[in-house]
Amino acid sequence: MSRPAPAAPAFAPTLTVFVLTALLVSGQLYVVIPLLPDMAVGWHTDPGALTWLVTAFAIGYAIGFLLFGPLSDRIGRRRLLMIGMPLAAVATALVAISSDPGVAIALRLVQGVAVATFPPAGMAYLGESVEPRRRVVAISAITGAFLASAVLLQVAGQLLVGSVGWRGLFVLSAIGLALAWLGLRAVMSPDRPREQRGSLMATYRVVPSLLANPALALRYLAVLVLLGGFVAVYTGLQLSGVVTSSGELLGLRASGLPSILLIPLLTPWLARLSAPVRATVFLLLAAFTLAVTGATGPGAVGLALLLALYVAAITAGLPALNESIASLAESSRGTALALFSFFLAVGSSLGPLAAAAFSRFDLLMYGLAGVMIVGALAVLVSTRLAAGGRRV
């Protein structure tokens, strides 16, 4: 007698907890940036030397994706998060009491690894457990939260550091992660029974096979392009001198927030298109927006409007790529989405390097527009390859 399928979790509470957790988890990469001057004063060092606090977290975050995606396929999404989130809270609290920069950098690496349990396991859980008609909305909302954290957590850090200090902010983050653990425990359904095949190491052997799949590899290239371009644009604004005041730069960053909030509301209509078609369309829209930005050299208002459109393309394109990758992964969904998150982290690391490689902002815009077109072509080719594989 077959076992009945488990009921879908309550959508509103699940989405609320997952979105807030995504904001907090991803925001740990960015929250330290406005704290660097205060940390440097406390430790009597140069703020530039403390940028390793950002890099160490990013390295741990990327490594964690590769570790925990396959593991979530084996032991279950909920079980992994019930272990990983408390560890993340403890590691974050330890950063708050660290005695010197070296200790803090090492702990930030551990913190990055620990919080990396959430993106692959969380997105795989939503893909498996949420009703299909609401799945695109859920993935879009989580992806939007990851993007929004870049602005929201920096703003929060800048506003609160004067009153609670940088150590107090890490304490607040640790408390937030502990509350996120309790929230996930409350809303997540029990893990489904999983067939155990082979040893634990065999679980990780699926990673090379996924990367060797030409259709998946091309979609991972598009992921890297899309988020790398997102980070490069805002880094270019900082480095190029196009924006002269910190207030204007903060305003331009914030101009993308309405798009991040709006796109999930539009996903019921966007979902009428297949995920690869959506990904291609929004990569091309991003390319068009960047090319117009480079060609027109708009003022602050025009740039804000173009950035809002560009962020909308990124916010809609990433969940489409997420969905299209998951559809090809079959039983290795968690591992495939861990690689999705890994390439997001790699893209965010390469974005600043791309921005620094161009001496002029308009040339950066043209270069990124070309790269977005390459990403769109990669998705198109991957779709043909995937269709050919299904016919065999």
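Small disclaimer: the values here were computed from a predicted structure and weren't measured.

Parameters and conventions
Residues numbered from 1 in each chain as written. Predicted model: local features only at pLDDT ≥ 70, side-chain atom pairs only at ≥ 80, totals over all residues. Heavy atoms only, no water. Helix = DSSP H or I, 4+ residues; strand = E, 2+ residues; numbered from the N terminus. Contact = heavy atoms within 4.5 Å. Areas by Shrake-Rupley, 256 points an atom, 1.4 Å probe, with all protein chains shown as cover. Phe/Tyr/Trp six-rings, centres within 6.5 Å; stacked < 30°, edge-to-face > 60°. Buried < 20%, exposed > 50% of the residue type's maximum accessible area, 1.4 Å probe, protein only. Expected span 1.5 Å × (residues − 1). Bend = angle between axes of the 7 residues up to and from the residue. Axes fitted to C-alpha atoms, helices over the stretch in contact; angles between N-to-C directions. Parallel < 35°, antiparallel > 145°, perpendicular 65-115°, else oblique. Left-handed = near helix turned anticlockwise from the far one by under 90°. Nonpolar A, V, L, I, M, F, W, Y, C, P; charged D, E, K, R; others polar. pLDDT = per-residue confidence, 0-100.

Turning next to the overall build of the protein chain. Helix and strand counts for the protein chain come out as 16 helices and zero strands. Projected onto its principal axes, the C-alpha positions of the protein chain cover 65 × 50 × 35 Å. Considering only contacts within the protein chain whose residues lie at least 6 apart along the sequence, 85% involve residues at least 24 apart. For the protein chain, the accessible area works out to roughly 16,800 Å², and carbon and sulfur atoms hold 70% of it.

Moving on, we get to the packing of aromatic side chains. To describe a pair of aromatic rings, one takes the distance between the centres and the angle between the planes. This model, assessed by the stated rule, comprises eight aromatic pairs. Between Phe18 and Tyr125, the ring centres sit 5.7 Å apart and the planes meet at 15°, which makes this aromatic pair stacked. Remark: Tyr125 occurs in helix H6 (residues 118–129) and Phe18 occurs in helix H1 (residues 11–30); sequence separation between them is 107 residues. Take Phe18: its relative accessible area is 0%, and that puts it in the buried class. Look at Tyr125 and you get buried, because its relative accessible area is 3%. The interplanar angle of 55° and the centroid separation of 5.1 Å between the aromatic rings of Trp43 and Trp166 together place this pair among those described as tilted. Placement of the pair is Trp43 in helix H2 (residues 36–43) and Trp166 in helix H7 (residues 132–187), with a sequence separation of 123 residues. No difference in accessibility class separates Trp43 from Trp166, as the two residues are buried. A network of ring pairs unites the aromatic residues Phe18, Phe118 and Tyr125 as a single cluster.

Below, the discussion takes up helix H12 (residues 257–270). Helix length check: H12, at 14 residues, gives a terminal C-alpha distance of 19 Å against a target of 20 Å (1.5 Å per residue), a fit within 8%. In the structure, H12 departs most strongly from a straight axis at Pro264, where the bend amounts to approximately 40°. Those residues of H12 that fall on the buried side of the exposure criterion are Leu257, Ser259, Ile260, Ile263, Pro264, Thr267 and Leu270.

Their axes nearest at 9 Å, the elements H12 and helix H14 (residues 300–329) cross at an angle of 50°. One way to sum up the angle between H12 and H14 is to call them oblique. In terms of crossing hand, the pair formed by H12 and H14 is right-handed. Touching Ser259, Ile260, Ile263 and Leu270 of H12 are Ala308, Val311, Ala312, Thr315 and Ala316, all from H14. Of the residues that constitute the contact of H12 with H14, the class distribution is seven nonpolar, two polar and no charged.

Turning our attention to unusual backbone geometry. Phi at His44 is positive, roughly 55°, even though this residue is not glycine. Checked against the element boundaries, His44 lands in the loop between H2 and helix H3 (52–75).

Looking at the protein chain as a whole, its pLDDT mean stands at 84, while 92% of the residues score no less than 70. Within the protein chain, the element-level pLDDT minimum falls on helix H8 (residues 200–204), averaging 67, and the maximum on helix H4 (residues 77–96), averaging 95. Low pLDDT (under 50) marks residues 1–5, which in the prediction has one contact with non-local residues, meaning those over four places away or in another chain.

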